[in-house]
Amino acid sequence: MKSSVMNLITHGVYVIGVTNETTTNLMTAAWAMQISSRPVSIIVAVGKTHFTAELLNRQKNFVLNVLTSNQTDIAKKCGTVSGREVDKSKDINLVLSSNLKQPIIKDCAGWLECNIINSIEYTDHILYIAECINGEVNTTDTLLYDLKK
């Protein structure tokens, strides 16, 4: 299979936000999608070695933030360094979700508050299946991942 064909699959740009007792971490993700409407559920793929995977395995819930086309700076900040080394939540305007107290990026296009119901290890990633218990749309202006840039 040619990798150029895989590049035709469209991806949004998201930030997975997870907070526990001592740490808030934000990770840019492109591999997220809806998998059910009853109940509303999504799946996200996170590298096994990522700090976010470590937090998700303990916390069992998160927020998926959908970025706007004007939030490329946030996508870059949250996708270029490890949360083990840098507090990426610093200097990003966040509010906590009402139910799970997870980080929502202020002025994002929208967000989903999610409870992890299952996880599956596949090659070098963990696939987190999550039921969405709350969410909000702020705008339909979303950031798409562009492999050509």
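Below you will find a few notes about this structure. The shown structure was predicted, so the numbers you read here are calculated from the model rather than taken from an experiment.

### Section: the pattern of salt bridges
- Inspection of every chain in the model, using the stated rule, returns 4 salt bridges.
- The closest approach of N and O atoms between D91 and K77, which form a salt bridge, is 3.9 Å. One end of the pair, D91, is in the loop between α3 (72-80) and β6 (94-96); the other, K77, is in helix α3, with 14 residues separating them in the sequence.
- For K77, a relative accessible area of 28% translates into the label partly exposed.
- Linked through salt bridges whose partners overlap, the residues forming this network are E54, R58 and R84.

### Quick word on the pairing of strand β1 (residues 14-19)
- Most of β1 is tucked away, with 6 of its 6 residues classed as buried.
- Every second residue of β1 is oriented toward a common face, with Y14, I16 and V18 on one face and V15, G17 and T19 on the other, all of them buried.
- Of the pairings in the sheet, the one linking β1 to strand β2 (residues 24-29) comprises 6 bridges and is antiparallel in character. Looking at the pairing, V18 lines up with N25 of β2.
- Here β1 hands over to β2 after 4 residues, the two strands then running antiparallel side by side.
- Pairing geometry for β1 and strand β5 (residues 61-66), over 4 bridges, is antiparallel. The residue bridging G17 from the neighbouring strand is V63, located in β5.

Rules used throughout
- Residues numbered from 1 in each chain as written.
- Predicted model: local features only at pLDDT ≥ 70, side-chain atom pairs only at ≥ 80, totals over all residues.
- Heavy atoms only, no water.
- Salt bridge = Lys/Arg side-chain N within 4 Å of Asp/Glu carboxyl O.
- Helix = DSSP H or I, 4+ residues; strand = E, 2+ residues; numbered from the N terminus.
- Buried < 20%, exposed > 50% of the residue type's maximum accessible area, 1.4 Å probe, protein only.
- Pairing = 2+ DSSP bridges.

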